[in-house]
Amino acid sequence: ELTVDVAEDVAYVGSGSIPDEGVPTRVVRVRHRTMSAGELARRLRRGVPAVFARLAERAVVLDLRTLREGEIARVADALRAAVGPPRAEEVALRI
């Protein structure tokens, strides 16, 4: 159900409305066959642990530069949970 690829990208640093400096990085781009990137990102944010990503080109984009050692496995677990059946508390929130 998931398509995952690693790509080179640029992350922008700085504050305000116009980030001013690009930093080379690698990202993991994740797409689901039937779920929108927005829905996948929402499920990742609401999961435990919460995973925050950006959206680009219909994909959830995870910047590897922002992950500490040992967190990649936790993010992989979060992705598996996000594409699985909804948890009971999520179903209750929608009722």
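Everything below is about the structure shown above.
Every chain begins its residue count from 1, and numbering advances along the sequence as written. Totals for whole chains, interfaces and linings use all residues, but because this is a predicted model, local features are given only for residues with pLDDT of at least 70 and pairs of side-chain atoms are given and counted only at 80 or more. Note: side-chain values were computed over all heavy atoms of the structure, leaving out hydrogens and water.

Caption draft 1: Up close: the environment of Glu39. When you line up the elements, Glu39 lands in helix H1 (residues 37–46). Once the C-alpha coordinates of Glu39 and Val83 are considered, the two residues, 44 residues apart in sequence, prove to be 9.8 Å apart. Polar contacts, as counted here, are pairs of nitrogen or oxygen atoms within 3.5 Å of one another; within protein the pair requires one atom able to donate a hydrogen and one able to accept it, and residues that are adjacent in sequence qualify only if both atoms are side-chain atoms. Of the polar contacts made by the side chain of Glu39, one reaches the side chain of Arg42; its length is 2.8 Å. Under the DSSP-based scheme used, a helix requires at least four consecutive residues in state H or I and a strand at least two consecutive residues in state E, with every element numbered from the N terminus.

Caption draft 2: Focus on the pairing of strand S2 (residues 21–32). For two strands to be treated as a pair, DSSP must find no fewer than two bridges joining them. One ladder, built from 12 bridges, connects strand S1 (residues 2–13) with S2; its direction is antiparallel. By the bridge assignment for S2, Val4 is matched with Val30.

Caption draft 3: Layout of the nonpolar core. Counting 14 residues, the largest nonpolar core has Val30, Leu40, Leu44, Val51, Val60, Leu62 and Leu79 as the members making the most contacts within it. Put simply, the parts of the chain that give this core at least two residues each are S2, H1, strand S4 (59–63) and helix H2 (71–83). Here, two residues are considered to be in contact whenever any of their heavy atoms come within 4.5 Å of each other. Leu79 has contacts with Val30, Leu40, Leu44 and Leu62, leaving out every residue within four places of it along the chain. The criterion is simple. A nonpolar core is a set of buried Ala, Val, Leu, Ile, Met, Phe, Trp, Tyr and Cys residues joined through side-chain atoms within 4.5 Å. The cut-offs for exposure are 20% and 50% of the maximum accessible area for each residue type, with area from a 1.4 Å probe on protein chains only; residues under the lower value are buried, those over the upper are exposed, and the others partly exposed.

Caption draft 4: Here's a closer look at the side chain of Asp63. Within the secondary structure, Asp63 sits in strand S4. A polar contact is formed between the side chain of Asp63 and the backbone nitrogen of Arg65, at a distance of 2.9 Å. For Asp63, the contacting residues outside a window of four places in its chain are Ala11, Thr25, Arg26 and Val27.

Caption draft 5: Layout of the side chain of Thr25. Locating Thr25 in the fold gives a position in strand S2. You can call Thr25 buried: its relative accessible area is 9%. The residues touching Thr25, leaving out its near neighbours within four places in the chain, are Ala7, Glu8, Asp9, Val10, Ala11, Asp63 and Arg65.

Caption draft 6: Spatial organisation of the pattern of salt bridges. By convention in these notes, a salt bridge is any Lys or Arg side-chain nitrogen within 4 Å of a carboxyl oxygen on Asp or Glu. Per the stated rule, a full pass over the model turns up 9 salt bridges. Between Asp5 and Arg29 there is a salt bridge, and its shortest N-O distance comes to 2.5 Å. Of this pair, Asp5 sits in strand S1 while Arg29 sits in strand S2, and the two are 24 residues apart along the sequence. What makes Arg29 partly exposed here is its relative accessible area of 25%.

Caption draft 7: Geometry of unusual backbone geometry. The step from Val48 to Pro49 runs through a cis peptide bond, and the omega angle for that step is 0 degrees. Unusually for a residue other than glycine, Glu57 sits at a positive phi of about 50 degrees. The phi torsion at Arg58 lies on the positive side, around 60 degrees, for a residue other than glycine. Structurally, Arg58 is set in the loop between strand S3 (54–56) and S4. Take Arg58: its relative accessible area is 76%, and that puts it in the exposed class.

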